[in-house]
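Structure assessment
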Amino acid sequence: MTRVAAVLVTPGMADAAPPGVDPAEFLTAMAEDTYEMVAGLELVRPVILSAGVPGLEDIAWPGTPVLSIASPADAFAALPPEEEGVIVSADAPDLPPLLIGKLFRELGRAHLAVCPAEGGGAVAVAARLPVPEWAAPDLDEPDVVAAMRRRAPGPRMVATGPGWHRLRKPQDVARLDPGLEGWDNTRALLT
């Protein structure tokens with residue numbers, strides 16, 4: 001089984017920077033932490049998808065593709081050809097890698113698997129590739145699971161895994177779990 005895991009980075013993710021923290025630095029720190037989690041997954045090829053954020057090559061390990069996309073809607077179409085792929089929102093720097101593994105496991109019984117975000121949307125969406133046209137996953141759609149299930153041509157095509165949180169506003173940094181390993185770059189900016 002060949003798999004790709006892509007970290008999606010958009011300029012709007014900088015809006016979560018708390019007062020006194022440079023938004024561009026905060027965005028880069030979150031993206032790097034999320035990327036390092038993805039790059040550490042076994043049997044997964046990491047990719048960074050940039051929807052208008054420059055300089056992401058600086059956080060990538062050698063050999064990791066950094067691909068520019070016009071919009072987040074192009075994320076799955078931009079992935080290299082593999083059997084399965086997951087798009088992970090860069091504004092989830094403390095996301096446990098186990099949750100990505102659970103999404104891939106759900107693809108054994110469904111075409112798509114979603115890690116829902118607290119407050120709506122999704123932290124990550126995994127899919128068998130190529131993604132079916134009916135899916136059109138959007139990580140910021142308020143009820144992404146219900147929307148994809150409505151569009152699916154049959155039952156049990158969209159699975160869900162455990163949910164997590166994203167950093168969308170400055171007050172969301174309180175959701176970061178200090179007990180979890182990782183997210184060192186984001187943690188350094190906040191202390």
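The following paragraphs examine the structure supplied in this document. Bear in mind that the values here come from a model prediction, so they are computed numbers and not experimental data.

Moving on, we come to helix α3 (residues 97–106). Among the residues making up α3, those that are buried are Leu99, Ile100, Leu103, Phe104 and Glu106. With its buried residues spanning 160° around the axis, α3 presents them on a single face. Of the exposed residues in α3, the ones pointing more than 90 degrees away from its buried face are Leu98 and Arg105. The elements touched by buried residues of α3 are β1 (3–9), α1 (23–39), β4 (84–89), β5 (112–116), β6 (122–128) and β7 (158–160).

Here we come to the nonpolar core. In summary, soluble globular proteins display a tendency toward joint burial of nonpolar side chains. Of all hydrophobic cores here, the largest spans 46 residues; its most connected members are Val9, Phe26, Val86, Leu95 and Ile100. It is α1 that contributes the most residues to this core, eight residues altogether. Other than its neighbours up to four places away in sequence, Val86 contacts Val4, Ala5, Ala6, Ile100, Leu103, Phe104, Ala124, Val125 and Ala126. In terms of nonpolar packing, the next biggest core, distinct from the first, is built from 26 residues, Leu49, Ile87, Ala127 and Met148 among them.

Glancing now at the side chain of Thr10. Relative to the elements of secondary structure, Thr10 occurs in the loop between β1 and α1. If we ignore the near neighbours within four places in the chain, the residues touching Thr10 are Leu27, Ala51, Val53 and Pro72.

This next bit is on the sheet that holds strand β2 (residues 45–50). Strands belonging to one sheet form pairs held by backbone hydrogen bonds; the direction of such a pair is parallel or antiparallel. Across the sheet, seven strands lie side by side as β3-β2-β1-β4-β6-β5-β7; this open sheet has mixed pairing. Looking along the sheet, the strands with just one partner apiece sit at the ends: β3 (66–68) and β7. On average, adjacent strands in this sheet sit at an angle of 25° to one another, irrespective of strand direction. Direction of pairing for β5 relative to β7: parallel, over a ladder of three bridges. Residue Ala113 lies in a different strand from β7, and its bridge partner there is Ala159. Strands in contact with α3 are β1, β4, β5, β6 and β7; relative to β4, the strand with the most contacts, it is inclined by about 145°. Where helix α4 (residues 144–151) meets the sheet, its contacts fall on β5, β6 and β7, and the angle it forms with β7 comes to roughly 160°.

Turning next to unusual backbone geometry. At the junction of Leu129 and Pro130, the peptide bond is cis and its omega measures out at -5° in the coordinates. Of note in the backbone geometry, Leu43 takes a positive phi value of approximately 60° without being a glycine. Accessibility expressed as a relative area gives 73% for Leu43, which makes it exposed. In this structure, Trp183 takes a positive phi of about 45° despite not being glycine. Topologically, Trp183 is positioned in the loop between β7 and α5 (184–190).

Cut-off values and rules
Residues numbered from 1 in each chain as written. Predicted model: local features only at pLDDT ≥ 70, side-chain atom pairs only at ≥ 80, totals over all residues. Heavy atoms only, no water. Buried < 20%, exposed > 50% of the residue type's maximum accessible area, 1.4 Å probe, protein only. Helix = DSSP H or I, 4+ residues; strand = E, 2+ residues; numbered from the N terminus. Arc of directions from axis to C-beta. Contact = heavy atoms within 4.5 Å. Core = buried A, V, L, I, M, F, W, Y, C linked by side-chain atoms within 4.5 Å. Pairing = 2+ DSSP bridges. Axes fitted to C-alpha atoms, helices over the stretch in contact; angles between N-to-C directions.

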